[in-house]
Amino acid sequence: SVAATERRLALLLLSAELASLLLTSCPATKPSMLNVHLVPHTHDDVGWLKTVDQYFYGGRNYIQHAGVQYILDSVVAELQKDPARRFIYVETAFFFRWWSQQSRSTRNIVTQLVQEGCLEFVNGGWCMSDEASTHYSSVIDQMTLGLRFLNDTFGECGRPRVAWHIDPFGHAREHASIFAQMGYDGFFFGRLDYQDKDRRMKTKEMEMVWRASASLNPPTADLFTGVLPNGYNPPPGFCWDQSCSDDPVQDDPALEDYNVDDLVSRFISISKAQAALYKTNHIVMTMGSDFQYENANPWYKNMDKLIHYVNAQQANGSQVNVLYSTPSCYLQELNLANQTWPLKSDDFFPYADGPHDFWTGYFTSRPALKRYERLSNSLLQTCNQLEVLGGPKSRSGPFGKGDSDTMKRAMAVAQHHDAVSGTEKQHVADDYAKRLAEGWAHCQVLVSNSLSVLSGSEVPRVFCENLNISVCPLTEGSKMFSMNVYNPLARPVSWSVHLPVNGTSYNVTDSSGNVVDSQVLPVSKPTQYIRRGRGYAKYELVFQVQAPPLGFSTYSITLLKTDRPRGPSAPTLSGRAYLKVTFDPNTGLLSGLTNLETQQSVQLTQNFYWYNASVGNAESSQTSGAYIFRPNSSTPSNTVLCVCQNSVVQEVRQQFSPWVSQVVRLYEGSRELELEWTVGPVPVEDGFGKEVITRFDSNISSAGYFYSDSNGREVLERRKDYRPTWDLTQTEPIAGNYYPINSRAFIKDGKAQLTVVTERSQGVSSIYNGSLEIMLHRRLLRDDYRGVGEPLSEPGEFGNGLVVRGRLLLTLTPPETAADSHRPLAQGLVLQPLLSFQEGAPKPTSKLEFSALQAALPPAVHLLTLSQWDSESVLLRLEHQYESGESKAFSQPVTLNLQVHTHTHSAVTALLPCCLLYRLSLLCFDCSFFS
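Residues numbered from 1 in each chain as written. Predicted model: local features only at pLDDT ≥ 70, side-chain atom pairs only at ≥ 80, totals over all residues. Heavy atoms only, no water.

A. Seen up close, the overall build of the protein. Helices and strands together make up the secondary structure of the protein, namely 17 helices and 41 strands. What you see for the protein is a C-alpha radius of gyration of 29 Å, in line with the 30 Å of a compact globule of 931 residues. Referenced to the eigenvectors of the C-alpha coordinate spread, the extents of the protein come out at roughly 95 × 65 × 55 Å. Contacts in the protein between residues far apart in sequence, at least 24 positions, make up 76% of those at least 6 positions apart. (Helix = DSSP H or I, 4+ residues; strand = E, 2+ residues; numbered from the N terminus. Rg over C-alpha atoms; globule rule 2.2 N^0.38 Å. Contact = heavy atoms within 4.5 Å.)

Structure below.
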């Protein structure tokens, strides 16, 4: 209606006015001079060498001297001394803790500092997230958690306008797209590949417009992006933190070591040199670094003097003007400069800071933690949904008090760029896992309460978290039990379950009482070895379950007999009507894959290899470590093969060595092949660390191209030994061709596409034509000299090395229909069904099936979020999950007619209506950049 349009226009104008008012707090600049924007800041890792708690309180300073609470105390005190001073803060996880401990008077002071622009929040998420190993849904959640706190506490004045990722080790296009859609004006980062940075400095392209989506119409996902000149450190010689050794400004001529003239001269020289790399008469200098400003007085006292003495030189003809500033104020000046910027459309992976120093190892580092984080996200979304569907009794019900907040905060911390990335010390990784486990416990109470409301059954529920190693005490010892299957997706799902049991024949019935086909097979020897004394099941009961959209179904399982199951037969897998898998009769290795629907066949082999980790050589002393992947040769070593077969459930078990095994499974009616791999403990007795991969070799003519996802969302084209924006000099032919994947990677030619879908973040490459290799596990004996100070050698539960188990899903399709398969497969692994168990048969009064939806959402529409916002509001996020042009069937726009009976929030972070996301118009770009 006209009235509604007028209201939206009024809101838009109001937002523009608010933005203008916010930026009036920016200091005055001098248009005819070089303006140097000093940005005082601290970079506070939400865990790295110390845990989150240790960093906040300043504990265990023998590891690293750092105490965040003292930083905020000191900065707030110093900002009050001079209204010209500025400071920016990033990590809301720390600020939230600090704020909760402050008096009302201190809170009033901080609020005034925020309103006056002296204290500015940038980024605003709970943490500064990793960009390689994070899934976009978890990134959005952690940003929401931080931004909501800032909005609730400070209103519009607390809203960050700049994304600030100064420390992550490479930058994902999807992150930039998310920031743009959240309404940020710009994005600044510190780490850039050394070759890319060298070229950009020469061509004055350190600042650009990043076109961060090939599917969204410009400028929806366009974002002004700047590379900071010194990483995130101050210029050399101008660090005045108590942890630094640079000389202070000594300005009394009567005293020894007077140095004002020298410091001023050097600063002006550095400023002019930096200005030569940028396009305008404004440059930014980051004045701070890791955990600095614990004593803010030396910083501000010396910066005050620096500003005074440098600007005093203007009377002598100097054209340099120094001022306290913030990233938002700097961006405002660039906006006023009305420049044209180069355009960037790919991403910033992989990152290298030297010829043999590729930061591509962390794509796989700590694979168990990466999987636990992904499973925790799945549980969190289920927890959020059931909190809504079960109502208030979900938080306080027959099983006690439960909540989703504990898991939300644990998951938000886990997104930090030294958490899920796997680049922390071992005791810190243990702390992240502990926090997630606490979140699981709180969510399981909530889930039990909610399911009791929805099903009408208050029989206690058991959650078996070790089903992947055939451990579940209830199913192992019970003769009759029921299983609830909750589906967090907004479409029906089919899922295969493996339950540890001790009987050989069971009767399985669904919610309607229909008998479900089931099979029993022996627990494999690798599984027995992994679980040791934690379980005693001899067999696994395998059957397929179905669950309705956003709802649950119930299955009843009854023991029939305990005889010995049938023995193994030949290794031939053929799923009904869809897939055929062949194996080499001599080796037992995979040899071919056929799509029976499309009559496509490819020659396909798969094996496991490892790269010996470099310990340094004549070319470089660089070693492989938590961050760095550097093999000591370009040819991986093969493993020994031993084949074990069992076709009871259409599977082949392969034993490659004492520490590498795999089960190849093809389920009835499945269009994908499942590969369950087990790796570890990785042997290191020979003195070499090892980087373990699995490689698929096919006759697909991929011509050096392969494709990987960006944070689980859009897909980017990769090309061996190539970078889209500069002429690459390849110095590490393996590590320099690795990229991160969160959910899928594929190779293709004109006829066939082979897609691999993963259930955790990993590293991927295509070194040979028609091949795709995925790094599964890393165990290293050297540190890589990037700060962690210990080798990446995880001890595992029994102290002899970590054992990791995971799954890959393979599909073979025509390229034009491949997304129709891999999109729902990937979402199904990210948000997988939650299984819970109850002893005995369901009561007659229990509701055995439930769906919160009257009908499933269209295939193109994904339910991203359904969670309780407050006591009266629900947050609902829906997204179109297909890229533009990737699917003839599902890439088209979709119109939904939703009947929602609760208040919902629009905008990607649910903090502002979309019409309020006013942004600066810094989006002029030069199309000739690609010519």
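B. Inspection of the UniProt feature "domain: Glycoside hydrolase family 38 central" (unreviewed entry) in the protein at higher detail. Sites flagged by UniProt as "domain: Glycoside hydrolase family 38 central" (unreviewed entry) map to residues 357-436. Within residues 357-436, the helical portion is 56% and the strand portion 5%, while the C-alpha atoms at the span's ends are 32 Å from each other. (UniProt positions renumbered as here; feature names shortened; annotations may be inferred.)

C. Quick look at the sheet that holds strand S9 (residues 320-324). Taken together, the three strands give an open sheet; going across it, the order is S8-S1-S9, and neighbouring strands pair in parallel fashion. Unpaired on one side and paired on the other, strand S8 (282-287) and S9 mark the two borders of the sheet. Taken pair by pair, the neighbouring strands of this sheet meet at an average axis angle of 25°, ignoring direction. As paired elements, strand S1 (residues 34-40) and S8 share six bridges and run parallel to each other. Paired with Pro40 across the bridge in S8 is Met287. Against the sheet, helix H10 (residues 296-312) touches S1, S8 and S9, its axis set at about 155° to S9. Each of S1 and S8 is contacted by helix H11 (residues 327-337), which is oriented at about 170° to S8, the strand it contacts most. (Pairing = 2+ DSSP bridges. Axes fitted to C-alpha atoms, helices over the stretch in contact; angles between N-to-C directions.)

D. Just the environment of Ile693, in detail. By secondary structure assignment, the location of Ile693 is in strand S28 (residues 690-698). Expressed as a C-alpha distance, the spacing of Ile693 and Pro355, which sit 338 residues apart in the sequence, is 23 Å. Here Ile693 is in contact with Asn607, Phe608, Tyr609, Tyr611, Tyr738, Glu773, Ile774, Met775 and Leu776, once residues within four sequence places are set aside.

E. Fine view of the state of the cysteines. Per the stated rule, a full pass over the model turns up four disulfides. Across the disulfide, Cys239 is cross-linked to Cys244 (sulfur-sulfur distance 1.9 Å). Its torsion about the S-S bond being 40°, the disulfide of Cys239 and Cys244 is classed as right-handed. On the accessibility criterion, Cys244 (25% relative accessible area) is partly exposed. The cystine pairing of the protein, numbering bonded cysteines in sequence order, is 1-4, 2-3, 5-6, 7-8. With no disulfide of its own, Cys118 lies closest to Cys329 among cysteine sulfurs, the gap being 10 Å. This cysteine, Cys127, is not joined by any disulfide, and Cys443 carries the nearest cysteine sulfur, 18 Å off. (Disulfide = S-S within 2.5 Å. Buried < 20%, exposed > 50% of the residue type's maximum accessible area, 1.4 Å probe, protein only.)

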